[in-house]
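Residues per chain, in single letters:
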Amino acid sequence: MSPREGPPGLLDHALHLRWTLPLLAVLAALPLVASALGEAFYVGLATRILIFALAATSLNLILGFGGMVSFGHAAFIGIGAYAVGILMQQGVVSAWIAWPAAVLASALFALVVGAISLRTRGVYFIMITLAFAQMLFYLMVSVKAWGGEDGLSLAGRSVLGGGFDLGDDTRFYYVVLVLFVLAFLVIQRLLNARFGHVLQAIRENETRMLAIGFPVYRYQLAAFTLAGGLAGLAGALLANQSSFVSPSLLQWNQSGLLMVMVILGGVGHLWGGFIGAVVFLLLEEVLAAYTIHWQFVLGAVLLLVVLAAPRGLAGLLRRERRA
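What counts as what
Residues numbered from 1 in each chain as written. Predicted model: local features only at pLDDT ≥ 70, side-chain atom pairs only at ≥ 80, totals over all residues. Heavy atoms only, no water. Axes fitted to C-alpha atoms, helices over the stretch in contact; angles between N-to-C directions. Helix = DSSP H or I, 4+ residues; strand = E, 2+ residues; numbered from the N terminus. Parallel < 35°, antiparallel > 145°, perpendicular 65-115°, else oblique. Left-handed = near helix turned anticlockwise from the far one by under 90°. Contact = heavy atoms within 4.5 Å. Nonpolar A, V, L, I, M, F, W, Y, C, P; charged D, E, K, R; others polar. Core = buried A, V, L, I, M, F, W, Y, C linked by side-chain atoms within 4.5 Å. Buried < 20%, exposed > 50% of the residue type's maximum accessible area, 1.4 Å probe, protein only. Phe/Tyr/Trp six-rings, centres within 6.5 Å; stacked < 30°, edge-to-face > 60°. pLDDT = per-residue confidence, 0-100. Expected span 1.5 Å × (residues − 1). Polar contact = N/O pair within 3.5 Å; in protein donor to acceptor, adjacent residues only side chain to side chain. Salt bridge = Lys/Arg side-chain N within 4 Å of Asp/Glu carboxyl O.

How would you explain the packing of helix α1 (residues 17-36) against helix α6 (residues 169-192) if you had to name every residue and give the values?
With their axes 9 Å apart at the nearest point, α1 and α6 run at an angle of 170° to one another. As judged from the angle between their axes, α1 and α6 are roughly antiparallel. When the axes of α1 and α6 are compared, the crossing they make is right-handed. Contacts from Leu24, Leu27, Ala28, Leu30, Pro31 and Leu32 in α1 reach Thr170, Tyr173, Tyr174, Leu177 and Val181 in α6. In terms of residue class, the contact of α1 with α6 is built from ten nonpolar, one polar and no charged.

Please set out the nonpolar core residue by residue, giving values where relevant.
Trp99 and Phe224 are the most contacted members of the largest nonpolar core, which has 100 residues in total. Sorting elements by how many residues they give to this core places helix α2 (residues 41-63) first, with 15 residues. Apart from the residues lying within four places of it in its own chain, the contact partners of Trp99 are Val84, Ser158, Leu166, Phe172, Val175, Leu179, Ala236, Leu237 and Asn240.

Go over the packing of aromatic side chains, please, and point to the residues and values.
In the structure shown here, the tally under the stated rule is 14 aromatic pairs. Both rings, one in Trp19 and one in Trp271, keep their centres 5.1 Å apart while their planes meet at 45°; by these two values the pair is tilted. Of the two residues, Trp19 sits in helix α1 while Trp271 sits in the loop between α10 (252-265) and α11 (272-288), which places them 252 residues apart along the sequence. Overall, Trp19 belongs to the partly exposed group, its relative accessible area being 30%. Ring centres of Phe180 and Phe184 lie 5.7 Å apart, and the angle between their planes is 35°; this geometry places the pair in the tilted category.

Hey, could you go over the confidence of the model for the chain for me, with residue numbers and the actual values?
The share of residues in the chain with pLDDT of 70 or more is 95%, and the mean pLDDT across the chain is 89. Note that residues 1-8 has pLDDT below 50 and, in this model, 16 contacts with residues that lie over four places away or in other chains.

Can you break down α10 residue by residue, with the values?
Here α10 contains 14 residues, and its C-alpha end-to-end distance of 20 Å stays within 8% of the 20 Å for a straight helix at 1.5 Å per residue. Directly after α10, the chain includes Gly266, whose backbone phi takes a positive value near 140°.

Could you give an account of the side chain of Asn60, naming the residues involved and the relevant values?
Tracing the chain through its elements places Asn60 in helix α2. The exposure class assigned to Asn60 is buried, which follows from its relative accessible area of 1%. Polar contacts involving the side chain of Asn60 include one to the main-chain carbonyl oxygen of His269, which spans 2.8 Å. In this structure, Asn60 is in contact with Phe65, Val262, Gly266, Val267, Gly268, His269, Gly272 and Gly273, ignoring residues within four places of it in sequence.

Outline the pattern of salt bridges, listing residues and values.
Summed over the entire model, instances satisfying the criterion amount to three salt bridges. Between Arg121 and Glu206 there is a salt bridge, and its shortest N-O distance comes to 2.6 Å. Taken together, the residues span a long stretch of sequence, with Arg121 in the loop between α4 (95-117) and α5 (123-142) and Glu206 in helix α8 (residues 206-211) at a distance of 85 residues. Arg121 sits in the partly exposed class, given a relative accessible area of 39%. With a closest N to O distance of 3.0 Å, Asp169 and Arg157 form a salt bridge. With Asp169 in helix α6 and Arg157 in the loop between β1 (152-153) and α6, this pair connects stretches of sequence that are twelve residues apart. According to the relative accessible area criterion, Asp169 is partly exposed, its value standing at 41%. Note on Arg157: relative accessible area 18%, which makes it buried.

Any details on unusual backbone geometry? Residues and values, ideally.
Of note in this structure, Ser243 is not a glycine but carries a positive phi near 55°. Locating Ser243 in the fold gives a position in the loop between α9 (216-242) and β2 (244-245).

With reference to specific residues and values, describe the environment of Ala227.
Along the chain, Ala227 turns up in helix α9. For Ala227, a relative accessible area of 0% corresponds to the buried category. For the pair Ala227 and His73, spaced 154 residues apart in sequence, the C-alpha separation works out to 8.7 Å. Setting aside its immediate chain neighbours within four residues, Ala227 contacts Ser58, Leu61, Ile62 and His73.

As structure tokens, this is what we get:
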């Protein structure tokens, strides 16, 4: 038995190659353009945007497509970052070991959190995910061997091998771009497969999906675990970019930041996490250059977007294309 098919565009999420390929070409050419203009700073900014886009997209998988409002997503990012930092502290610098370890550690923690929290609903689910993240935050603050509240400095970036130096910002950018594209394609294919259709149907009517025999808990737990693993990869990349890991990565406000990105971009839209991360971080960068009260202005912009486009910027773009 398969889930009821929805109208076109409801359960399936196309890439729209007519503008996806030009966007990919722009992202690929960005370091070359920045180098030609003598603005290497933008390579680092674009790298940070792609990393947060990966994290926001992983949250969108469970929030937008699974209907699971998690306030503990930052915990998975923090675990991925700390996994890289701790392994490097022990002399393990290979990206082929540290990055998969970060994904695995975050996925396992997400499996534990999901196994417990998914037995609840509503505000209880939100509070349990938040509680796990805060417990992990205080744990990292108290462990002095891993830097405590001062954080953990990395000696450098992970080593990819083959003469490919990740210490070079441009090369690191391309690695992040490739990983983001691969993760994005995996999520897109997953959403268009039976698993994604069932997950979205559960979001729309969990009771009906239970009644017709679908193992709702297992589907949600699988999605939650996958999202945690992808967030762990984002954490590993973030630690490498900044060469620093801090307990602040685990705080609840970081989870709120990711949620704002998803809401801004479009909850339940394939490109929602990416668009939200781009707009949010660019606005932060521009506004911070003009005023120390940039959070107030950013809040006003977010309020305007929510009022003008309740389905986010991606939903606004889709509405204009249909018009």
